[in-house]
Structure formats: C-alpha cells, structure tokens
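Chain and residue survey
Below are the chains, spelled out letter by letter.
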Amino acid sequence: MRRVIIFIVLITTPALSQVSERPARFNYFSVDLGGTYSWLTGYENFFWPVVYPYDSRAQSQSQYLYFNSQGSGLGYKAGVSTDLLITGSFAMRLGLFFRSNSTGVTETHVSEPSQRLPAHVNPTVSRTYTSTWQFVGSDILARIPLVVGDLYGLGGITIAYMVSDKFDAEEHITDAPIQISYLGLPEGIMNGNRSFSVTDQESDNFYNKTQFGAKFGLGYFIPVSEDIVLTPEATYVLPFGKLTSGDVESFYTSNGATTPKLSFVEFQVGIKFVIGKEKPVFEPVPMSETRIIVPRTEPDSIPPAGSVTTNPVPLAELRGRIRDALTNSPEQANLLVTD
C-alpha cells in the first residue's frame, strides 16, 4: 500500500465585516429639537398679576384678573447635549437648552352684581389669558439601558434661568342691551358692554428667576447610519419650587391664596452623531500546518470524508504539496474540502 503525505498550510485573512454594535455603546454629540406641554399646579384662589386701570380717569382703582383654572399650553425647546459612556451602555448626559413654556385659558361666567358691577341684571364676564416664559438652562441626566431592545431611561435634574416673561389678557363684560353704566367706567360708555386687553406685558420681580426640577422619562435609539442615530424622547419635569418670588408669596398668603408651580412634559427628537469611535481591530488566527497521512490504492483516489480537520476561521487560503510517502516525488491528486 502506498501512502501520500499532504501538507496543508492555512493562512487567514481578516474578515471584511464586523458584528454591528448596539447604538447605546457609543459616545454622542446631539442636536435636540422638540416641544413642551405645560400646566400650573399647587395653586389655590390664585389670580394673575395683571393690574390695569378700569377707569380712564386719574387715580382710578386698578383691577386684577381672576381665573378658576390656570390652564395649560404648548411651547418649544432647542438645545445640544453630549452622552458620555460610563460603563457598558450606562451613560451621563450633559445638555444646554433654550426652552419656552406657556399656559392659557378662557373662562366665561355670570357674575353677581357688585360695587364694581352694579348692574340691574347679572353681567356676563369673559376672561382670557396667555402667559409665556422663556428659559436657558442645563440638564444633568443619567441614561440607563433597559431590557427592551434599544429602549432606555433618563433621570436627573434640570436647572433653568428665566430670561423673559410675557402676558396677554382680555376681559369682556356684557349686560342686557338696555342703557346701563358700571361704576368706574370711562365717560361715554353707557350700553353696559366693556372690553379691555393687554398684550406683551412683563412682570417685574414677580417670578423666581431660577427654576429647579427633577427630570425623568424614556427614549429609544433609531439607527440611521453607522455614525448617526435618532432618539425620540418623552420626559416629565417635576418642579422643586414655586414659580413666583418670595415677595409675591407673602402677598398671596396674606390674601388666603397660594401660588402655582410650573410642571411640564417635553417631547423631543435628538439627532445624535457618534464621537470618539474606535476603529475595529482584527486579530488574525495564527498560521497552522497540518500533516495528514492518507492511504491510497490508486493514484486518483479521494481521501475518505472526515479525514481532514482544520481550525474554523472566517476566511482562509489553502496551500499544500502532495508527495509520495516513499519516494517523496510529487503526486497528482484531487482534494475535496467540505464546509
């Protein structure tokens, strides 16, 4: 029986593809755009600080606007942020933003005649207001991976400084179409109807300029390309302090009222760009040589299946020589490789 010695040299080549990473495992720089939905909580018997002369004459008595509800409203937000990995998919987020919050309401009700409104019939009073506050601030949040796909949680604090406040208001009083006048109205208004409006009013020293709150919510990674992802997020901000200043607090307390806090939710989409991403490193499998003795009875015989074993590699180049075991002379043979 003749034997053939086959030398097989395996030389590996690095694979050209790599396993895709979860998007939560990168650092990001993000541009964030979205909206806010705000409402006022914690108030009782509160009335807005709109004071206007109800009489056009000098030294007339000023009036406030009272509302049973403080309403709600939509605003917007824009900012930038950076997500920095701490360990695994856990990261810290540092963000800067410009935010607008707004609330408003329209109320119509029938009032009892009073010194201000000494009508022969009950007057109908319609009041509308819209308040808008604008802030610049910062978020310090933890980004926590959750067990559901690329869903993650957010939690931390938000700090904001009020840069402007605006107030629009209108009051409209109607009565029966008979000739009736209200006390304190300017001369010439005798039909019992009266409208008053103010726009873009600012309130000096009425609000606490610095606002703090706890912020928490959910977000989700949506890959767009290898280096860009979208992250829709919904967060809720629970305020720590009152919206109004200490001087206003003492005034309302003395009048049996409490002032509100500004609560709101944010809906935003972040456009995130990967930063500091390392290039993939390939570690080729060391070259190995296998000596296999294949018995043969005729020159063109094929080695039995299962007689050749190699280390599994992503991509391999096969080189070898087939020689006669006794004479060491080259032999012609067929080699069958099955994966």
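Structure first, text after, so check above.
Residues numbered from 1 in each chain as written. Predicted model: local features only at pLDDT ≥ 70, side-chain atom pairs only at ≥ 80, totals over all residues. Heavy atoms only, no water.

Before going further, it helps to examine the nonpolar core. Counting residues in each nonpolar core, the largest one holds 25 residues, and the members touching the most others are W48, Y129 and W133. Elements supplying a minimum of two residues to this core: β3 (47-53), β6 (90-110), β7 (124-145), β8 (151-174), α1 (246-254) and β13 (261-275). Among the elements that make up this core, the one with the highest residue count is β8 (four residues). Contact partners of Y129, with chain neighbours within four places excluded, come to L40, W48, F67, Q70, G71, T103, G104, V105, F167, D168 and A169. Counting residues in each nonpolar core, the second largest holds eight residues, with A24, Y152, V229 and V274 among its members. (Core = buried A, V, L, I, M, F, W, Y, C linked by side-chain atoms within 4.5 Å. Buried < 20%, exposed > 50% of the residue type's maximum accessible area, 1.4 Å probe, protein only. Helix = DSSP H or I, 4+ residues; strand = E, 2+ residues; numbered from the N terminus. Contact = heavy atoms within 4.5 Å.)

Turning our eyes to something else, we now look at the pattern of salt bridges. Under the criterion given, the structure shown has 10 salt bridges. As a salt-bridge pair, K272 and D83 come within 3.8 Å of each other at their nearest N and O atoms. Of this pair, K272 sits in strand β13 while D83 sits in strand β5 (residues 72-87), and the two are 189 residues apart along the sequence. Judged on exposure class, the residue K272 and its partner D83 are both buried. For the salt bridge of E202 with K166, the shortest nitrogen-to-oxygen distance reads 2.8 Å. (Salt bridge = Lys/Arg side-chain N within 4 Å of Asp/Glu carboxyl O.)

Moving on, we come to unusual backbone geometry. With the exception of glycine, the majority of residues adopt a negative phi angle, and the majority of peptide bonds are in the trans configuration. One non-glycine residue, N45, adopts positive backbone phi at about 55°. Along the chain, N45 falls in the loop between β2 (27-41) and β3.

Bringing the environment of N255 into the picture now. Mapped onto the fold, N255 is located in the loop between α1 and β13. Overall, the relative accessible area of 46% leaves N255 in the partly exposed class. The spacing of N255 and N45 is 210 residues in sequence and 8.8 Å in space, taken between C-alpha atoms.

The next point concerns the side chain of T103. Among the structural elements, T103 can be located in strand β6. A polar contact of 3.0 Å, which involves the side chain of T103, links it to the side chain of Y129. With residues near it in sequence (within four places) discarded, T103 still touches S38, W39, L40, Q70, G71, S72, G73, Y129, T130, S131 and W133. (Polar contact = N/O pair within 3.5 Å; in protein donor to acceptor, adjacent residues only side chain to side chain.)

Tracing the backbone through its elements, the reader meets N68 in the loop between β4 (62-66) and β5. By relative accessible area, N68 is classed as exposed at 66%. Along the primary structure N68 and V105 are separated by 37 residues, whereas in three dimensions their C-alpha atoms are 9.6 Å apart. If we ignore the near neighbours within four places in the chain, the residues touching N68 are Y43 and E107.

By the definition in use, this model includes 12 aromatic pairs. Ring centres of Y76 and F98 lie 6.2 Å apart, and the angle between their planes is 35°; this geometry places the pair in the tilted category. With a gap of 22 residues between them, Y76 in strand β5 and F98 in strand β6 connect regions that are remote in the sequence. In this structure Y76 comes out as partly exposed when scored by relative accessible area, which is 41%. On the accessibility criterion, F98 (28% relative accessible area) is partly exposed. With centroids separated by 4.9 Å and ring planes inclined at 50°, the aromatic side chains of Y152 and F221 adopt a geometry described as tilted. With Y152 in strand β8 and F221 in the loop between β10 (210-220) and β11 (222-223), the pair connects residues that are 69 residues apart, well separated along the chain. Among the aromatic residues, those joined into a ring-pair cluster are Y37, W39, F216 and Y236. We note R99 situated over the ring of F135; from NZ or CZ to the ring centre the distance is 4.8 Å. (Phe/Tyr/Trp six-rings, centres within 6.5 Å; stacked < 30°, edge-to-face > 60°. Lys NZ or Arg CZ within 6 Å of the ring centre and 35° of its normal.)

All quantities given are derived from atomic positions and should not be read as evidence of function.
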